[in-house]
Amino acid sequence: MSAKTTEADAIVVGAGLAGLVATCELIDANKRVLLLDQEGEQNLGGQAFWSFGGIFLVDSPEQRRCRIKDSYELAWQDWQGTAGFDREDDLWPRRWAEAYVAWAAGEKRSWLHERGIRFLPNVGWAERGGGVATGPGNSVPRFHVTWGTGEGIIAPFVARVQEARKRGLVELCCRHRVDALTLDGGTVVGASGAVLEPTSVKRGAKSSREEIGAFAFTAGAVIVTSGGIGANHELVRRNWPKRLGTAPKHMIAGVPDHVDGRMIEITEQAGGHVIHPDRMWHYVEGIRNWDPIWTAHGIRILPGPSSLWLDATGKRLPGPNFPGFDTLGTLEHIMGTGHEHTWFVLTQKIIEKEFALSGSEQNPDITSKSIREVIKTRTGSGAPPPVEAFKQHGADFVVERDLAALVRGMNALTEEPLLDLAAVEREVVARDREMDNPYTKDAQVTAIHGARRYLPDRITRVAAPHRLLDPSAGPLIAVKLNILTRKTLGGLQTDLESRALGADGAAVPGLFAAGEVAGFGGGGVHGYRSLEGTFLGGCLFSGRAAGRAAARG
């Protein structure tokens, strides 16, 4: 294998969103950049391409038009209650969090607007919280969906990189897998590794690891933006926190195979320091993709609040473990039940109004920026076509006209029948009795009524309260929910300029980190939990900081 040597002002390892943003900042400073990625050019944008495009903004024009009263103070209160910073090395994550919330309440929206990014007018309400003002969750809706979903987020940065490539400022080195960072007297001065054979697999699909050459690049700075560990289930299990019980034996993947976490250890070997590897963000509403692209491909249901949530044995999940309220709290409860799957029980009326699927490919109306299709799909009759396709073809869906047949179908999807019809019926009927009045002792039913006071939810997101056993609302639907791997919340520790810090707290000369590999900033800007809409934003914010700092030298 022949070696190749190239010099530049900066090397960026990873062509996902954080890497693209960092590269754009370097371009603005007229710096020459080598942008490396182990995947093909068809994967530019990385995981962000597949996202729903949710962006966390505070006191935005979209919020004000929806009559939402938000503020930096309220958002910072929510962030602290959600993050739960409680460790000595939370110093930099907390500083990053405070800076990020200030950005979300200030320059962030205008910065995105300057790059042509726009948002849907109705603001979503993700992670509705744990029940008290100082606890986890968003006090108000803050989830701004990008017009164009994840494709719309990455597009302006991809275009900027491609334009700079034509001018000779950027060399895009796809199929270059970094195996080591080069050190010279304690300073990171480059990267080396293997050139992989070209690939024509479609975006997101598993690609070959056949080596056809080698490379050794040098630069004045190296920015690591290689993502997390979500597709490396062995690494997920190794870092699984004891507070969440025993690591699951079965998980499905919310990210492509190349999200393998390799660069974390490689960067540690060059002097970087990882903190909070046990902090992670996995979803509990995962369903197996009936038309998969990557290994164990899973999709997350973005649920409204009305589905009845049962554990594997048919017991109702306790509050505030309601659909869409407290992801990590629900995961902790599930892992304490002795089983890894749960069930949504709902009606056709609920699925039509409340089920959305995460991902650009699962929301073609928004991704294609078709106003006509958005209106038709989101306000018309019937479930959105991608949801209906999962209902018809998905291995985790059961559709029946009566409860007895539904429970038989649910038991058929597990290795052994765990559900007793009488127990499930008792939960369903008890919940149905609470639907006859606008007031109730049932906290989930109260939450449904409360959600419908927010006009966008009432129009597009939350079904009118009704009995599950009302024949006119049927058929009945059950969905088997799996644990879906997604985000790494801990990572390489960085200061506010995205300089990678060593174990002694000092910056490693020449080394920067941004995006998920850096815990989206500081080694864990989210703490233990996310407010949602903050992963893409964390890539934007930390990638911007890294690019600017590396450009200054």
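Figured I'd write up the structure that's included with this text. What you see is a predicted model; the values in this text were computed from it and never measured.

Some points on the overall build of the chain
When helices and strands are counted, the chain shows 18 helices and 20 strands. Scaling as 2.2 N^0.38, a compact globule of 553 residues should have a C-alpha radius of gyration of about 24 Å, and the chain matches this with 23 Å. Taken along its principal axes, the extent of the C-alpha atoms in the chain is 70 × 50 × 50 Å. Long-range pairs, those at least 24 residues apart, make up 77% of the contacts in the chain with a sequence separation of at least 6. Between the centroid of the 63 positive side chains of the chain and the centroid of its 65 negative side chains there is a distance of 5 Å.

Quick word on the pattern of salt bridges
Applying the stated criterion to the full structure yields 36 salt bridges. Notably, a salt bridge pairs E39 with R209, separated by 2.7 Å at the nearest N-O pair. Residue E39 is located in the loop between strand 2 (33–37) and strand 3 (54–56), and its partner R209 is located in the loop between strand 7 (187–196) and strand 8 (211–224); the two are separated by 170 residues in the primary sequence. Overall, the relative accessible area of 32% leaves R209 in the partly exposed class. R467 serves as the salt-bridge partner of D436, at 2.7 Å between the closest nitrogen and oxygen. Pair noted here: D436 is in the loop between helix 15 (421–433) and helix 16 (443–451) and R467 is in the loop between helix 17 (455–460) and strand 17 (476–488), with a separation of 31 residues, a long-range link.

Structural notes on the packing of helix 1 (residues 17–28) against helix 18 (residues 535–552)
One can describe the packing of helix 1 onto helix 18 by two numbers: an axis separation of 7 Å at closest approach and a directional angle of 35°. Judged by the twist between their axes, the crossing of helix 1 over helix 18 is right-handed. Contacts from L17, A18, V21, A22, E25 and L26 of helix 1 reach helix 18 at L536, C539, L540, G543, R544, G547, R548, A550 and A551.

Observations concerning the pairing of strand 20 (residues 507–513)
With five of seven residues buried, strand 20 is to be regarded as a mostly interior element. Sheet analysis places strand 8 next to strand 20, joined by three bridges and oriented parallel. Bridge pairing in strand 20 links V222 to L511. Inspection of the sheet shows strand 19 (residues 499–501) paired to strand 20 by two bridges, in the antiparallel sense.

Conventions and cut-offs
Residues numbered from 1 in each chain as written. Predicted model: local features only at pLDDT ≥ 70, side-chain atom pairs only at ≥ 80, totals over all residues. Heavy atoms only, no water. Helix = DSSP H or I, 4+ residues; strand = E, 2+ residues; numbered from the N terminus. Rg over C-alpha atoms; globule rule 2.2 N^0.38 Å. Contact = heavy atoms within 4.5 Å. Lys, Arg positive; Asp, Glu negative; His and termini not counted. Charge placed at Lys NZ, Arg CZ, Asp CG, Glu CD. Salt bridge = Lys/Arg side-chain N within 4 Å of Asp/Glu carboxyl O. Buried < 20%, exposed > 50% of the residue type's maximum accessible area, 1.4 Å probe, protein only. Axes fitted to C-alpha atoms, helices over the stretch in contact; angles between N-to-C directions. Left-handed = near helix turned anticlockwise from the far one by under 90°. Pairing = 2+ DSSP bridges.

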